[in-house]
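# Reading the structure
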Amino acid sequence: MSSSHRLFSVLIPIISVLLGLIAGAVIMLLSGYNPITGYAALWRGAFGDAYTIGETIRRSTPYILSGLAVAFAFRANLFNIGAEGQVIVGWLAAVWVGISVEAPMVIHLPLAILAAALAGALWGFIPGLLKAKLGVHEVIVTIMMNYIALYSTNEIIRNVLTDHKTTTESIHESASMASEWLGSITFFSRLHYGILLALFIAIIIWFLIDRTTIGYELKAVGFNPHASKYAGMNVSKNIILAMVISGALGGLAGAMEGLGTYGNISVMSGFSNIGFDGIAVALLGANTPLGVVIAAFLFGTLKEGAGEMPTGAGIPTELVDVIIAIIIFFVASSYIIRWALLRFKGGKSK
Amino acid sequence: MEYIIEMLNIRKEFPGIVANDNITLQLQKGEIHALLGENGAGKSTLMNVLFGLYQPEKGKIRIRGKEVKIPDPNVANDLGIGMVHQHFMLVEPFTVTQNIILGKEPKTITGRIDLKKAEKEIRELSDRYGLKVDPTAKIRDISVGMQQRVEILKTLYRGAEVLIFDEPTAVLTPQEINELMEIMRSLVKEGKSIILITHKLKEIMQVADKCTIIRRGKGIGTRNVADTNANELASLMVGREINFKVDKHPATPKETVLEIKDLYVRDKRKIDMIKGLELNLRAGEIVGIAGIDGNGQTELIEAITGLTKTHSGTILLNNKDITNKNPRKITESGVGHIPQDRHKFGLVLDYTIGENMVLQTYYKKPYSKAGILNLKEIYRYAKNMITQFDVRTPSIHTKARALSGGNQQKAIIGREVDRSPDLLIAAQPTRGLDVGAIEFIHQKLIEERDKGRAVLLVSFELEEIMDVSDRIAVMFDGRIVADLKPEETNEQELGLLMAGSSTKKAGEN
């Protein structure tokens, strides 16, 4: 029973991805493009040389953390749609500390990372508190928190961090995660040390969920708050804690962009989508840290490789977006495949 | 004799287990045929095979002598088989008529639903079988017993000749059970045939003509109820002799463990549910709270265990005030609680049975240290517990959800008893369980008493209260209205007290 279940949870995402690729190929065929050249370009764009590999990993890094943010909340039965807002405030906080503080790297970099985590944690704390104390649904509050994050961040960039400019100055070297060494082995890609931090945090989150009393309580509260209360757990505390940790992870995803990839923050006309894509990453990764890491790399690969499709295969950007969206759609709606597989299995053996 | 349904040598496998192995069930027209077996014996699987939800690996199904295949429930319906589910499938805001015709609505010429016609038809059906159902009432406004009758009407309206009742009395009051028995009798009198899935021997003896017994997936045989007795059926079902009378020595109560003074508890609507309740409980005795559901039993337990705040009054445990402390404090000061709703409160169903065994102790040594779980210790403890309390599970890594009710309950009891609480509260500890599990649980409660613990038993089953308690406290309208010895009272007197007719103290006669 459990071994077939395990096989199932590995099989479903793989089938989802394959179906997505096939659907993308059909779209390309119908629009008069050669899917083989199209996908070859996608592959080259993601893994063609050292530079693209570096960029692919670089792009995957924040997805790992935003995916973990959503997945962690899911384990406590909370739907954190607010990862997007947490990414934005984390990004802002990291850059803010990176610009305004002067300190040696051993202090400055951890401080900037911590600021990002705290900002995200605050953005998770508010919906967590409202949910725990007043029963306000976290989905509504986190959506609103996303807009608050987006517009107040833009305001701060324009009027506090700069004098009516759209981009802040660069952070000090001492707060940067950029790596000459990683850049040099990947032909000057923007690959930075953040990937190591993200992977390390994934391990910590795995440990937290599966091996600590905190994780035991969070999951229990998520599965059954009544039994948790009966067992003497503080249900409100656990809901708030789950949202705070989830938010902190979202904030760290923002730090990856602020301290690693860009080293600054710009006024945004719309959402970065790192947090929203985190929802799909978490679902595809079945809310487990290992699954999230793998799913994050898949997302990073698709998004990075897509950049090569217009130039390498002549497919218009709009169509590329459609193809990538379809692949993600299939991946995210993997429950349809689960349903089909169960039905198929049921029809045969039952 | 003509059989209306024959299930011959049915075998149904699931990955890793054989749920039905060579089971034969032959139902004659116009009989009530009981299907008896412990929880998890394979009764529901067999009925799901008949109802077309599962396909058997081996065996034949014949209906009125003709071999048939039943690929899905619609075919079962067309063959005249109707199921009265244990958990009702009704739309609460809809009326009785709307529920019954759902999916089979009679239409007028203009295509509108002909409610008038349907109502008339349902009224006729209801009268014919003595169901006394009002077709215009809304489901949410009628009692559970009435809702069950709506389920029965639903199958009749669809032309069922054979009715399968799945544990129909589990949700009913004693009064409603008697009425249901009457209804079943009038159904067979009108030519219907009934399969009654149950593990309650009393009901079989009362109403069934034949009884087919299943034990751990295997067909054991069929008996004429007239030629057998409850003891034989019980031992056929469980596979060993069953002791119906609870063995126990007289209690030797010692110091007071629980003392409740002038307790008031309000519900969410701010209505007093407990009104000045007084109760004393001593070490080494079992006090049974008898009462009709809804007279404050739930609130009393929740107040003692800290799940609900009290309005006023005090609760002392070993002379220490535990009023309105949080549940963990109360648990730690020596209270064990077997909750009434084991799925809602007793277990985290999506946790493995191993994880559930440390639900209140996971934060303590040796199960964790500095916040890090010691899985090895947890699993070792869980393994130990499932052997000690005979919890039948494929492994400690099986989800609690997958276990049968009896095994879930045994796991909870093991967990609560093993902490050696001074006060053990058992709320409806045997509800929905079969005789084997009931016997086991009663023995454990008495064992705990003999170890010098105070046991508070809350049950709606008078038989259980009479058998197990050393002292009976009758609860009515938020108060203890009588305090009696079981040997000095009887079910009639208790029934009257539970209905609030008089009050009485122990010793008075």
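Looking up chain B in an unreviewed UniProt entry gives the name ABC transporter ATP-binding protein, with the organism given as Cerasibacillus terrae. Of the comments in the UniProt record for chain B, the one headed Sequence similarities (unreviewed entry) reads "Belongs to the ABC transporter superfamily." In its Subcellular location (unreviewed entry) section, UniProt records this for chain B: "Cell membrane".

As recorded in an unreviewed UniProt entry, chain A goes by ABC transporter permease and comes from Cerasibacillus terrae. You can read under Subcellular location (unreviewed entry) in the UniProt record for chain A the words "Cell membrane".

### Considering the sheet that holds strand E15 (residues 320-321) of chain B
Strand pairing in a sheet is mediated by backbone hydrogen bonds. Such pairs are either parallel or antiparallel. Residues and elements named next belong to chain B. In spatial order, the strands read E12-E11-E14-E15; together these 4 strands make up an open sheet with antiparallel pairing. Each edge of the sheet is formed by a strand with only one pairing partner; in this case those strands are strand E12 (272-282) and E15. Bridge analysis of strand E11 (residues 256-266) against strand E14 (residues 312-317) gives 5 bridges, and the strand direction is antiparallel. Paired with Leu 258 across the strands is Leu 317, a residue of E14. Against the sheet, helix H9 (residues 297-305) touches E11, E12 and E14, its axis set at about 115 degrees to E11.

### Notes on the domain arrangement of chain B
Residues and elements named next belong to chain B. Split by domain assignment, chain B resolves into domain 1 (5-238) and domain 2 (256-337 + 405-498). The centre of domain 1, based on its C-alpha atoms, is set 35 Å off from the matching centre of domain 2. Each partner contributes residues to the interface: domain 1 has 8 residues there, and domain 2 has 7 residues. Together, Glu 38, Asn 39 and His 199 form the three largest contributors to the area buried by domain 1 at its contact with domain 2, with a combined 56%. At the surface where domain 1 touches domain 2, the tally comes to 1 salt bridge. The salt bridge partner of Glu 463 is Lys 202, with a shortest N-O separation of 3.5 Å. Inspection of the region where domain 1 meets domain 2 yields 1 residue pair in polar contact (both at pLDDT 80 or more).

### Focus on the layout of surface pockets
Where empty space is left in the structure can be found by rolling a water-sized probe over the atoms. Roughly 590 Å³ of volume is contained in the second largest pocket. Elements with a contribution of two residues or more to the lining of the second largest pocket: helix H10 (225-230) of chain A together with H9 and helix H11 (342-346) of chain B.

### Things to note about a nonpolar patch on the surface
Residue and element names in this part refer to chain A. A surface patch of nonpolar side chains, amounting to about 510 Å² of accessible area, comprises Ile 140, Ile 143, Met 144, Tyr 147 and Tyr 151. On the secondary structure map, Met 144 appears in helix H6 (residues 138-161). The exposure class of Met 144 is partly exposed, given its relative accessible area of 48%.

### Overview of the environment of Glu302(B)
Of note, Glu302(B) is situated in helix H9. Separated by 37 residues in sequence, Glu302(B) and Pro339(B) have C-alpha atoms that sit 9.4 Å apart.

### A closer look at the packing of aromatic side chains
Across all of its chains, the model carries 15 aromatic pairs over all chains by this definition. With a centroid separation of 5.3 Å and 75 degrees between ring planes, the pair formed by Tyr362(B) and Tyr363(B) is classed as edge-to-face. The exposure class of Tyr363(B) is partly exposed, given its relative accessible area of 26%. Among the aromatic residues, those joined into a ring-pair cluster are Tyr216(A), Phe223(A), Tyr351(B), Tyr362(B) and Tyr363(B).

### Thoughts on the pairing of strand E20 (residues 454-459) of chain B
Residues and elements named next belong to chain B. Across the 6 residues of E20, 6 count as buried, placing the element largely inside the fold. Residues Ala 454, Leu 456 and Val 458 of E20 are buried on one face, and the alternating residues Val 455, Leu 457 and Ser 459, pointing to the opposite face, are buried as well. Of the strand pairs in this sheet, strand E13 (residues 286-290) and E20 are connected by 5 bridges, and their pairing is parallel. Across the sheet, the residue bridging to Ala 290 is Ser 459, located in E20. With 5 bridges joining them, strand E19 (residues 423-427) and E20 adopt parallel strand pairing. Bridged to Ile 425 within E20 is Leu 456. In terms of handedness, the path from E19 via helix H15 (residues 435-450) over to E20 forms a crossover that is right-handed.

### Points about the packing of helix H3 (residues 50-75) of chain A against helix H13 (residues 289-306) of chain A
Residues and elements named next belong to chain A. Packing of H3 against H13 leaves a shortest axis separation of 7 Å and a crossing angle of 135 degrees. By the criterion of interaxial angle, the relationship of H3 to H13 is oblique. Two packed elements cross with a definite hand, and for H3 against H13 that hand is right-handed. The residues of H13 that touch H3, namely those facing Thr 52, Glu 55, Thr 56, Ile 57, Arg 58, Arg 59, Ser 60, Tyr 63, Ile 64, Gly 67, Leu 68 and Ala 71, are Pro 289, Val 292, Val 293, Ala 296, Phe 297, Phe 299, Gly 300, Thr 301, Lys 303 and Glu 304. Of the residues assigned to the contact of H3 with H13, the class counts are 11 nonpolar, 6 polar and 5 charged.

### Focus: the UniProt feature "transmembrane region" (unreviewed entry) in chain A
Within this numbering scheme, the UniProt entry marks residues 7-30, 78-99, 105-126, 191-209, 239-262, 274-299 and 319-341 of chain A as carrying the feature "transmembrane region" (unreviewed entry). Between the end C-alpha atoms of residues 105-126 of chain A the distance is 32 Å, and the span holds 100% helix and 0% strand.

### What to know about helix H8 (residues 230-238) of chain B
Residue and element names in this part refer to chain B. Where H8 is concerned, the buried positions are Leu 233, Ala 234, Ser 235, Leu 236, Met 237 and Val 238. Where H8 is buried, its residues touch strand E3 (32-36), helix H7 (201-207), strand E9 (210-215), strand E10 (218-224) and H15. Just past H8, the residue Gly 239 takes up positive phi, approximately 90 degrees.

### Some details on the interface of chain A and chain B
Taken together, the contact pairs 21 residues of chain A with 31 residues of chain B. In this assembly, chain A packs against chain B so that about 2400 Å² is buried in total across both faces, 62% of it on carbon and sulfur atoms. Viewed at the interface, chain B and chain A are joined by 0 salt bridges. In this assembly, chain A and chain B are joined by 15 residue pairs in polar contact (both at pLDDT 80 or more). Put simply, the parts of the chain that give the side of chain A that touches chain B at least two residues each are helix H8 (194-211), helix H9 (213-223) and H10 of chain A. No other element matches H9(A), which puts 7 residues into the side of chain A that touches chain B.

Analysis parameters
Residues numbered from 1 in each chain as written. Chains lettered and ligands numbered in written order. Predicted model: local features only at pLDDT ≥ 70, side-chain atom pairs only at ≥ 80, totals over all residues. Heavy atoms only, no water. UniProt positions renumbered as here; feature names shortened; annotations may be inferred. Pairing = 2+ DSSP bridges. Helix = DSSP H or I, 4+ residues; strand = E, 2+ residues; numbered from the N terminus. Contact = heavy atoms within 4.5 Å. Axes fitted to C-alpha atoms, helices over the stretch in contact; angles between N-to-C directions. Domains from an automatic or database assignment. Buried area = accessible area lost by both parts, 1.4 Å probe. Salt bridge = Lys/Arg side-chain N within 4 Å of Asp/Glu carboxyl O. Polar contact = N/O pair within 3.5 Å; in protein donor to acceptor, adjacent residues only side chain to side chain. 1 Å grid on protein atoms, 1.4 Å probe; cavity = no way out; pocket = protein on both sides within 12 Å on 5 of 7 lines; lining within 4 Å. Points joined across faces, edges and corners; volume = space filled by probe spheres on them. Patch = residues over 30% accessible without salt bridge, like charges linked within 9 Å, V, L, I, M, F, W, Y side chains within 5 Å. Areas by Shrake-Rupley, 256 points an atom, 1.4 Å probe, with all protein chains shown as cover. Buried < 20%, exposed > 50% of the residue type's maximum accessible area, 1.4 Å probe, protein only. Phe/Tyr/Trp six-rings, centres within 6.5 Å; stacked < 30°, edge-to-face > 60°. Right-handed = clockwise from strand over helix to strand, strands pointing away. Parallel < 35°, antiparallel > 145°, perpendicular 65-115°, else oblique. Left-handed = near helix turned anticlockwise from the far one by under 90°. Nonpolar A, V, L, I, M, F, W, Y, C, P; charged D, E, K, R; others polar.

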